[in-house]
Amino acid sequence: MAGGERLIPKGFPKLKNDTFLRAARGEETEYTPVWCMRQAGRFLPEFHEIRRSQDFFATCRSPKLCCELTLQPLRRFPLDAAIIFSDILVVPQALGMEVVMVSGKGPVFTEPLKEVEDLLKLRQKVDVTAELGYVFQAITLTRHSLEGKVPLIGFSGAPWTLMSYMIEGGGSTTMARAKSWLYRHPEASHRLLRLLADIIIDYLVGQVAAGAQALQLFESHAGHLGPQLFQDFALPYIRDIAQAVKRKLKEEALPLVPMIIFAKDAHYALRDLAHAGYEVVGLDWTIRPQEARAQVGKDVTLQGNLDPCALYAPKEKIGELVKKMLESFGTQRYIANLGHGIYPDMNPEHVGAFVEAVHAHSRHINEHS
């Protein structure tokens, strides 16, 4: 992108490794594909070299830097997918909210939503190309730069998770302020969730138009809700996003890419999530693979779910845990991943051991089954 020239989302290099996409669609694979949430992240020394001189969200707004950070883990590990470097909180920013990344604390909203009247401060109509075009540019640049090595995943936070950040003003152990809105202001909560869902739909469609080959929706705070609140305030929007994205992709003659829903700690809702319109259901580490498969049935691909802390174990132990995980999930209709993102202090060599163990053990299981 020298001289400010933008690459166009056409003429992408031919994909050389489609194992991840085939697994997502339920097709047979020679081995189990693997990628890691937060694989482009703080555990890599080269990540810090790039990030040291720049504000976090300034980095997110630089297509060139996002591309470089997305590619970094692929230079180290034989991963089967890339995920664009960005952040779920770019959506609240597009609504006009200010978010800053505070060292040692994480994201902080300078003026979180406190009263229902604060909803009026949000942009009611968002032009995603104008507000989030930098993400689309990053996806297009990265898709070209990948040279067809592996597919590129785009993503967004889900409405409830974004709403909870917007009200809490950052992270929270209880989400009590955000949950209080659901009980005290249900109509206003639905207005906000609807606003977010509409933006997310356009945002995800825009990512596919820019070159994303799969999409993941992160409902990271699902575990704070419980069955009834999830049924009322999260699931309807999760369903609607899948349906609307696929409808718009058809209308715009864009590829019908596989979609992944990752609702952390929502083991109580797996049956519902399996019928929510997503090809893949991501799992955290708190549910047994056999139980998850029994709940979702045979027509959905599962993704997950090694405990991220397992990567602190010696490499030999990581191999044993991966083997057990693969035996529990089976090697087909399955994408290996962690049950959440890689932690910042993780040894990159242990991430490599995880990736290599998935490939080696799944190939062995397939050859001897």
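Treat the numbers as computed from the prediction; the structure is a model and nothing was measured.

## Details of the UniProt feature "domain: Uroporphyrinogen decarboxylase (URO-D)" (unreviewed entry) in the protein
When the UniProt feature table is mapped onto this chain, "domain: Uroporphyrinogen decarboxylase (URO-D)" (unreviewed entry) is found at residues 33-42 and 153-169. A distance of 28 Å separates the end C-alpha atoms of residues 153-169, which is 59% helix and 29% strand.

## Details of the sheet that holds strand β4 (residues 152-157)
Strand pairing in a sheet relies on backbone hydrogen bonds. The paired strands run either parallel or antiparallel. Across the sheet, which stays open at both edges, the seven strands sit in the order β1-β4-β5-β6-β7-β8-β9 with parallel pairing between neighbours. The strands lining the two open edges of the sheet, one partner per strand, are β1 (82-83) and β9 (334-338). Contacting β8 (301-306) and β9, helix α14 (residues 315-329) crosses the sheet at an angle of about 155 degrees to β8.

## Focus: the side chain of His 350
Within the fold, His 350 resides in helix α15 (residues 348-367). For His 350, a relative accessible area of 13% puts it in the buried group. Polar contacts involving the side chain of His 350 include one to the main-chain carbonyl oxygen of Leu 311, which spans 2.8 Å. With near-sequence residues (within four places) excluded, His 350 lies in contact with Leu 311, Tyr 312, Ala 313, Pro 314, Lys 315 and Ile 318.

## Topic: unusual backbone geometry
In this structure, Asn 305 follows Gly 304 across a cis peptide bond, with omega equal to -10 degrees. Residue position: Asn 305 is located in strand β8. Of note in the backbone geometry, Arg 38 takes a positive phi value of approximately 60 degrees without being a glycine. Here Arg 38 lies in the loop between α1 (19-24) and α2 (45-51). Phi is positive for Asp 265, close to 65 degrees, though the residue is something other than glycine.

So, how was this worked out
- Residues numbered from 1 in each chain as written.
- Predicted model: local features only at pLDDT ≥ 70, side-chain atom pairs only at ≥ 80, totals over all residues.
- Heavy atoms only, no water.
- UniProt positions renumbered as here; feature names shortened; annotations may be inferred.
- Helix = DSSP H or I, 4+ residues; strand = E, 2+ residues; numbered from the N terminus.
- Pairing = 2+ DSSP bridges.
- Contact = heavy atoms within 4.5 Å.
- Axes fitted to C-alpha atoms, helices over the stretch in contact; angles between N-to-C directions.
- Buried < 20%, exposed > 50% of the residue type's maximum accessible area, 1.4 Å probe, protein only.
- Polar contact = N/O pair within 3.5 Å; in protein donor to acceptor, adjacent residues only side chain to side chain.

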